[in-house]
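# Structural overview
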Amino acid sequence: MTTPEAPIAPVIRPALPADVRTIRDLVEPLSQERILRPYEMVGYFEAVQEFLVATDPTAAPGSAGAGGTAVGCGALHVMWDDLAEVRTLAVHRDWRGRRVGHALLAALIERARALGLRRVFCLTFEVDFFAAHGFREIDGTPVTPEVYTELLRSYDEGVAEFLDLARVKPNTLGNSRMLLEL
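Residues numbered from 1 in each chain as written. Predicted model: local features only at pLDDT ≥ 70, side-chain atom pairs only at ≥ 80, totals over all residues. Heavy atoms only, no water.

## Observations concerning the overall build of the protein
In terms of regular secondary structure, the protein is built from seven helices and seven strands. Every one of the 182 residues in the protein was classed for burial, and the buried ones make up 47%. A separation of at least 24 residues holds for 67% of the contacts in the protein among residues at least 6 apart in sequence. (Helix = DSSP H or I, 4+ residues; strand = E, 2+ residues; numbered from the N terminus. Buried < 20%, exposed > 50% of the residue type's maximum accessible area, 1.4 Å probe, protein only. Contact = heavy atoms within 4.5 Å.)

Spelled out as structure tokens, the structure:
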């Protein structure tokens, strides 16, 4: 009797501008379902340095994941000196169940630690997934009134969601606010 092989871990690397169209394609189905907030194409390019992508190390040339083509993505957006948000965590439907999202989230958390951050926030429908990585559900916005006032000056829609502003409420209905203390 043979033992089943463990799934091969994806290669996680920083996103490149050449990955932006693939990132958009990964996010699009989830944004249509209102699970993720979509960006305009220029927004993906502006945020490319925040993104990590997962690729298949065994993919044959010409297949999904080959040559570094992303099969998953996620971003870490720094919001303040001690706080960042995990954003846009998406995995291609053919790759779900292979722990790609787990590998991406672990890499994003390590990136937060490397930046000296103490807390990571997310707004999600996937409570169990994030809880498995140590996130806990919270109420409100976990910043001081002074930081809240400063963050109000941001034009970033994700920051508006973090602040729970009324103008973004339709995008966040049903989501849970979660926080990880590093």
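## Remarks on the sheet that holds strand 1 (residues 11–14)
With mixed pairing, the seven strands of this open sheet are ordered in space as 1-2-3-4-5-7-6. Taken across any chain shown, the strands that pair with only one partner, and hence form the sheet edges, are strand 1 and strand 6 (136–137). Contacting strand 2 (51–55), strand 3 (72–80) and strand 4 (83–91), helix 1 (residues 20–32) runs over the sheet at an angle of about 85° to strand 4. (Pairing = 2+ DSSP bridges. Axes fitted to C-alpha atoms, helices over the stretch in contact; angles between N-to-C directions.)

## Brief notes about the pairing of strand 3
Burial runs high along strand 3: seven of the nine residues are buried. The sheet contact formed by strand 2 and strand 3 spans four bridges and is antiparallel. Bridge pairing in strand 3 places L52 opposite G74. Of the strand pairs in this sheet, strand 3 and strand 4 are connected by seven bridges, and their pairing is antiparallel. The residue bridging G72 from the neighbouring strand is V91, located in strand 4.

## Describing the nonpolar core
In this structure, L76, V86, L89, L105, V120, F130 and F135 are the most contacted members of the largest nonpolar core, which totals 24 residues. For this core, the secondary structure elements donating two or more residues are strand 2, strand 4, helix 3 (100–114), strand 5 (119–124), helix 4 (127–131) and strand 7 (176–181). Ranked by residues supplied to this core, first place goes to helix 3 with six residues. Residues within four places of V120 in sequence aside, it is in contact with L76, A84, V86, A112, F135, M178, L179, L180 and L182. (Core = buried A, V, L, I, M, F, W, Y, C linked by side-chain atoms within 4.5 Å.)

## Some words on helix 3
Relative to the 21 Å expected for 15 residues at 1.5 Å per residue, helix 3 spans 21 Å between its end C-alpha atoms, a close match to the ideal helical length. The set of residues buried in helix 3 consists of V100, G101, L104, L105, L108, I109 and A112. One face of helix 3 carries all of its buried residues, which in axial projection span an arc of 165°. At the exit of helix 3 stands G116, carrying a positive phi of roughly 80°. (Expected span 1.5 Å × (residues − 1). Arc of directions from axis to C-beta.)

## Section: unusual backbone geometry
For residues that are not glycine, phi is negative in most cases, and the peptide bond is trans in most cases. With a phi angle near 55°, T88 is a residue other than glycine that sits in the positive phi range. Topologically, T88 is positioned in strand 4. Residue R99 is not a glycine yet carries a positive backbone phi of 70°. Here R99 falls in the exposed class, since its relative accessible area comes to 53%.

## Some thoughts on the packing of aromatic side chains
Throughout the structure, instances matching the rule amount to five aromatic pairs. Between F121 and F162 the ring centres are 4.7 Å apart and the planes differ by 85°, which places this aromatic pair in the edge-to-face class. Pair noted here: F121 is in strand 5 and F162 is in helix 6 (residues 157–162), with a separation of 41 residues, a long-range link. Here F121 and F162 have matching classes, each one buried. Ring centres 5.2 Å apart and planes at 80° place the aromatic pair F130 and F135 in the edge-to-face group. Judged by its relative accessible area of 6%, F130 is buried. According to the relative accessible area criterion, F135 is buried, its value standing at 4%. Within the aromatic cluster, the residues linked to one another by ring pairs are Y39, Y44 and F51. In this arrangement the basic side chain of R37 is found over the ring face of Y39, its NZ or CZ atom lying 4.8 Å from the centre. Lying over the aromatic face of W95, R98 brings its terminal NZ or CZ to 4.2 Å of the ring centre. (Phe/Tyr/Trp six-rings, centres within 6.5 Å; stacked < 30°, edge-to-face > 60°. Lys NZ or Arg CZ within 6 Å of the ring centre and 35° of its normal.)

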